[in-house]
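The residues making up each chain are set out below.
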Amino acid sequence: MKTTTLGSPEQSTPKKIPLRARKLAAEAIGIDSHIDTVQRVLVMGEDLGKRWDVGHVDIPRLREGGTHAPFFALWVPVYFPGAEAVRRTLDLRDAMQSMLDAHPGEMELATTAADIRRIVKAGKIAVFLTVEGGHTIDDDLRVLRMYYQLGVRSMTLTHSRNNNWADSATDNPVHNGLTDFGKEVVREMNRLGMLVDLSHVADKTFYDALDVTSKPVIVSHSSMRALSPVPRNVSDEMLRALARNGGVIGISFGEGFVNPKDAEALESAIKTETTAPLLTGRALDDYAAEDVRTLFGHRVKVAATVDDVANHIDHAVKVAGIDHVGIGSDFDGVSGPPNGLDDVSKMPALIEVLLERDYAERDVKKILGENYLRVIREVTGK
Ligand SMILES: [Zn+2]
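Presented here is a report on the structure given in the accompanying data block. (Residues numbered from 1 in each chain as written. Predicted model: local features only at pLDDT ≥ 70, side-chain atom pairs only at ≥ 80, totals over all residues. Heavy atoms only, no water.)

Along its length, the protein chain carries 14 helices and 11 strands. In terms of C-alpha radius of gyration, the protein chain reaches 19 Å, essentially the compact-globule figure of 21 Å for 382 residues. Projected onto its principal axes, the C-alpha coordinates of the protein chain cover approximately 50 × 45 × 45 Å. Here the protein chain holds 382 residues, and the buried ones make up 61% of them. In the protein chain, once contacts between residues fewer than 6 apart in sequence are set aside, the share between residues at least 24 apart is 73%. Of the accessible surface of the protein chain, which amounts to about 14600 Å², a share of 51% is contributed by carbon and sulfur atoms. (Helix = DSSP H or I, 4+ residues; strand = E, 2+ residues; numbered from the N terminus. Rg over C-alpha atoms; globule rule 2.2 N^0.38 Å. Buried < 20%, exposed > 50% of the residue type's maximum accessible area, 1.4 Å probe, protein only. Contact = heavy atoms within 4.5 Å. Areas by Shrake-Rupley, 256 points an atom, 1.4 Å probe, with all protein chains shown as cover.)

Within strand 5 (residues 125-132), 8 of the 8 residues are buried, which leaves it mostly tucked inside the rest of the structure. Of the two faces of strand 5, the one lined by Ile 125, Val 127, Leu 129 and Val 131 and the one lined by Ala 126, Phe 128, Thr 130 and Glu 132 are each fully buried. Here strand 3 (residues 69-75) runs beside strand 5; their pairing, made up of 5 bridges, is parallel. Note that in strand 5 the partner of Phe 72 across the bridge is Leu 129. Across 3 bridges, the pairing between strand 4 (residues 107-109) and strand 5 is parallel. Paired with Glu 108 across the bridge in strand 5 is Ala 126. Pairing of strand 5 with strand 6 (residues 152-156), which is carried by 3 bridges, proceeds in the parallel orientation. (Pairing = 2+ DSSP bridges.)

Here we come to helix 7 (residues 180-192). The first and last C-alpha atoms of helix 7 sit 18 Å apart over 13 residues, in line with the 18 Å expected at 1.5 Å per residue. Those residues of helix 7 not exposed but buried are Gly 182, Val 185, Val 186, Glu 188, Met 189, Asn 190 and Leu 192. Where helix 7 is buried, its residues touch helix 6 (141-149), strand 6, strand 7 (195-197) and helix 8 (203-212). (Expected span 1.5 Å × (residues − 1).)

Tallied over the full model, the rule gives 7 aromatic pairs. When the ring of Tyr 79 is compared with that of Phe 80, the centres are 5.7 Å apart and the planes differ by 25 degrees; the resulting orientation is stacked. Judged by its relative accessible area of 7%, Tyr 79 is buried. Members of the aromatic cluster, each reached through a chain of ring pairs, are Phe 71, Phe 128 and Tyr 372. Directly above the aromatic system of Tyr 148 lies the positively charged group of Arg 153, at a separation of 3.6 Å from the ring centroid. (Phe/Tyr/Trp six-rings, centres within 6.5 Å; stacked < 30°, edge-to-face > 60°. Lys NZ or Arg CZ within 6 Å of the ring centre and 35° of its normal.)

Packing of helix 4 (residues 82-102) against helix 11 (residues 281-297) leaves a shortest axis separation of 12 Å and a crossing angle of 60 degrees. One element, helix 4, and the other, helix 11, form an angle in the oblique class. In this structure, helix 4 meets helix 11 at a crossing whose hand is right-handed. Residues Glu 84, Arg 87 and Arg 88 of helix 4 form the contact with helix 11, whose own contacting residues are Gly 281, Leu 284, Asp 285 and Ala 288. Looking at the contact of helix 4 with helix 11 residue by residue, the classes come out as 2 nonpolar, 1 polar and 4 charged. (Axes fitted to C-alpha atoms, helices over the stretch in contact; angles between N-to-C directions. Parallel < 35°, antiparallel > 145°, perpendicular 65-115°, else oblique. Left-handed = near helix turned anticlockwise from the far one by under 90°. Nonpolar A, V, L, I, M, F, W, Y, C, P; charged D, E, K, R; others polar.)

Before going further, it helps to spend a moment on the pairing of strand 2 (residues 31-35). The buried count for strand 2 comes to 5 of 5 residues, which makes it a mostly enclosed element. Where strand 2 lies against strand 3, 3 bridges are found, and the strand directions are parallel. The partner of Ile 31 across the bridge, within strand 3, is Ala 69.

All right, on to the coordination of the zinc ion then. Coordination of the zinc ion by the protein comes from Glu 132 (OE), His 200 (NE2) and His 221 (NE2), over a distance range of 2.1 to 2.2 Å. On the basis of relative accessible area, His 200 is assigned to the buried category, the value being 8%. (Donors = N, O, S within 2.8 Å, 3.2 Å for Na, K, Ca; no water.)

This next bit is on the nonpolar core. The biggest cluster of nonpolar side chains holds 100 residues, and the ones touching the most others in it are Phe 72, Leu 157, Leu 198, Ile 313 and Leu 350. For this core, the element with the highest residue contribution is helix 12 (residues 306-320), accounting for 8 residues. With 19 residues, the next largest nonpolar core counts Ile 31, Ala 110, Val 120 and Val 375 among its residues. (Core = buried A, V, L, I, M, F, W, Y, C linked by side-chain atoms within 4.5 Å.)

At 3.6 residues per turn, the α-helix brings residues three or four places apart onto the same side. Given a rise of 1.5 Å per residue, 15 residues ought to cover 21 Å, and the 21 Å separating the end C-alpha atoms of helix 12 matches this to within 8%. Counted residue by residue, helix 12 has 11 buried out of 15 residues, so it is predominantly covered. Along helix 12, the residues that are buried comprise Val 306, Asp 308, Val 309, Ala 310, His 312, Ile 313, His 315, Ala 316, Val 317, Val 319 and Ala 320. Immediately beyond the C-terminal end of helix 12, within one or two residues, lies Gly 321, with a positive phi of roughly 100 degrees.

Below, the discussion takes up the side chain of Thr 156. On the secondary structure map, Thr 156 appears in strand 6. One polar contact links the side chain of Thr 156 to the main-chain amide nitrogen of Gly 133, over a distance of 2.6 Å. Excluding residues within four positions of it along the chain, Thr 156 makes contact with Val 131, Glu 132, Gly 133, Gly 134, Asp 197, Ser 199, Ser 220 and His 221. (Polar contact = N/O pair within 3.5 Å; in protein donor to acceptor, adjacent residues only side chain to side chain.)

In structure tokens form, the structure reads like this:
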């Protein structure tokens, strides 16, 4: 794994993006179902109102790329145990609130599909909040319900390790999928009107959740196992099951997800998170802060390209159908986005590749956001 320091000129030479792609990016409601930028706000105190040359996402770059409705993940590393994970989720929610309060004319909290359409129409960024990792509810549905009250509308059932009620894709299975309590979590999310997110879960957890859910689910940031056989990606069988459920998968840009040549970088990222010491309080926060700084302090050189991402979209469309595919970049959660998609402002480069591959504008709009808007409406009721 080669790494370079920030600011070094390792990025691919940007190709001039034709007007038709930029126009479509501006017209479409662009949703990205997984963005990890909140940790930059919490740990580094960065103001998203400014354009940064570090990280992948801020308000100016969201606007430039046409991602009008980012799902901002309150991502809590699995080394936050029990109630510490609840505290961390609240800290991240508070960091996001500071941004909403600082930029009321630029961004607004959205909790329904109708909110997203209204806020985007008003020329603002619609912030959709999600929680990453079911360990953050500390096995307590009351905590889940309070996250809902704080505006959170989606949660991944696991992160990179099993929790007490669900098996993860990157751990050794202990529950045979979802436990009875895990099934209760899914039902409660259905009842509240929260999206059940099946990225990061083990295959058995995925199928168990589909058996239980009464609403469409999402797979917010995963790609195709047929093209890059990492456990975090989904198989064709899973894709067909997702289509039957009416759900949507957001194609992830992360290293290893898109091009198998980058799989080593993915494994090392998972290992860093799962080999952390057991800490609490301030010591834990300091450890996590160092972890976040390391993530943003280097850039992994990857083999993946914009064309690779388009290949995953093609495959997902072929197997699941055009109504079940979206974008879930994992920007600011990965150290090596594909060449040519170096940050969120470069999204029109992907749009141009899809147009070159003869996707109709209407279908590109579905992938960019309309499919997610349908699922959000079905789950939240509006
Ligand atoms: Zn993730």
